[in-house]
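Notes for the structure review
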Amino acid sequence: MTAQIIDGKAYAASLRDRIAGHVARLKAEHGITPGLAVVIVGHDPGSQIYVTNKARQTLEVGMHSEKYELAEDTPEADVLALVERLNADPKIHGILVQLPVPRHIDPNKIIATISPAKDVDCFTPESVGKLQIGLPGPVSCTPLGCLMLLRDFVGDLAGKHAVIVGRSNLVGKPMAQLLLRENCTVTIAHSRTRDLAGIVRQADIVVAAVGRPSMIEGDWIKPGAAVIDVGINRIAAPEKGEGKTRIVGDVDYASAVELAGWITPVPGGVGPMTIACLLANTVTTASLINHLQPPKDLTP
Ligand code: GUN
């Protein structure tokens, strides 16, 4: 069996088209232009590419976009003051402070200062609590993207055994919440799990989010399982030339593709979904701030 490839890039493009439709309706029917502010402190090149892409895609779907690029040595108090100002700004419905921040800034203080109503990353304790008990609000972007792909490609997930490899606040834990809501049986495994291979072999759905290149081997995959690879790992690629690199996931793609029923490639799988879901969350928070029902197709 060769897996069906889950084209996250194409799905994210169609999701952005839907988001643009919701933005146009919010403008035409309610006079609301959803607005997203992204804040970056310092000059990490990877983060800068992400932030530039976020700002560009925000404009492409018709939203209001603000980008704040602060110097590496910006005092913590100045970043907090900017977040407070954005909290109070009626043009802004979503605030994202790109992580990691420089060492002299406490990321938890930044997160605690973001208004939960504008927390499009779903990082604040209030947003995490709402997600856990199923109240409306933003949903962690990468897990939301994984869920949309699973629903669209695999269909009904009820009763399936989902094994999530990775227990981060960003991906593993919120992914478990979302799959529980889909009536999956959920196992969270991690780098210290005993007999990880044996546990992954039981999975109808594998979500790999450990951040270790090609750690999950093809022969760990149950034939026909859905494999969602969240990993983005840069490794040396001497075959491309001296000093060259390439991006691989947490799953050994070449061997897993032979056994899986569905698989997300890296790049081009989960990655493009994360920014699209950030835009989806901004439509959700803009709706909730204005006491409107968020579009059903953008929420779990
Ligand atoms: N850095 C890497 N991924 C993310 C993300 O999803 N949100 C934020 N705020 N920072 C990140």
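Notes on the structure follow. (Residues numbered from 1 in each chain as written. Predicted model: local features only at pLDDT ≥ 70, side-chain atom pairs only at ≥ 80, totals over all residues. Heavy atoms only, no water.)

Okay, the environment of Thr52 next. The topology assignment puts Thr52 in helix α2 (residues 45-60). Separated by 15 residues in the primary sequence, Thr52 and Lys67 have C-alpha atoms spaced 8.3 Å apart. A polar contact is formed between the side chain of Thr52 and the backbone oxygen of Gln48, at a distance of 2.9 Å. (Helix = DSSP H or I, 4+ residues; strand = E, 2+ residues; numbered from the N terminus. Polar contact = N/O pair within 3.5 Å; in protein donor to acceptor, adjacent residues only side chain to side chain.)

Our next topic: the sheet that holds strand β3 (residues 64-70). What the three strands build is an open sheet, ordered β3-β2-β4; its pairing is parallel. The sheet is open, and its two edges are formed by β3 and β4 (94-97), each paired on a single side. Strand after strand, the sheet turns through a mean of 15° between neighbouring axes, direction not considered. Alignment of strand β2 (residues 35-41) against β4, held across four bridges, turns out to be parallel. Bridge pairing in β4 links Leu36 to Gly94. Sitting on the sheet, α2 is in contact with β2, β3 and β4, with an inclination near 160° to β3. Here helix α3 (residues 76-88) sits on the sheet and contacts β2, β3 and β4; the angle it forms with β3, its principal contact strand, is near 170°. (Pairing = 2+ DSSP bridges. Axes fitted to C-alpha atoms, helices over the stretch in contact; angles between N-to-C directions. Contact = heavy atoms within 4.5 Å.)

This brings us to unusual backbone geometry. Across the chain, the bulk of peptide bonds are trans and the bulk of non-glycine residues have phi less than zero. That bond from Leu99 to Pro100 is cis: its omega, 0°, falls within 30 degrees of zero. Within the element layout of this structure, Pro100 appears in the loop between β4 and α4 (107-113). With an omega of 0°, the peptide bond running from Val266 to Pro267 counts as cis. Relative to the helices and strands, Pro267 is located in the loop between β11 (262-263) and α10 (271-289). In this structure, Asp195 takes a positive phi of about 50° despite not being glycine. You can see Asp195 is positioned in the loop between β6 (185-189) and α8 (196-200). Overall, Asp195 belongs to the exposed group, its relative accessible area being 54%. Even without being a glycine, His291 presents a positive backbone phi close to 60°. The residue His291 is located in the segment after α10 in this model. Using a relative accessible area of 74% as the deciding quantity, one classes His291 as exposed. (Buried < 20%, exposed > 50% of the residue type's maximum accessible area, 1.4 Å probe, protein only.)

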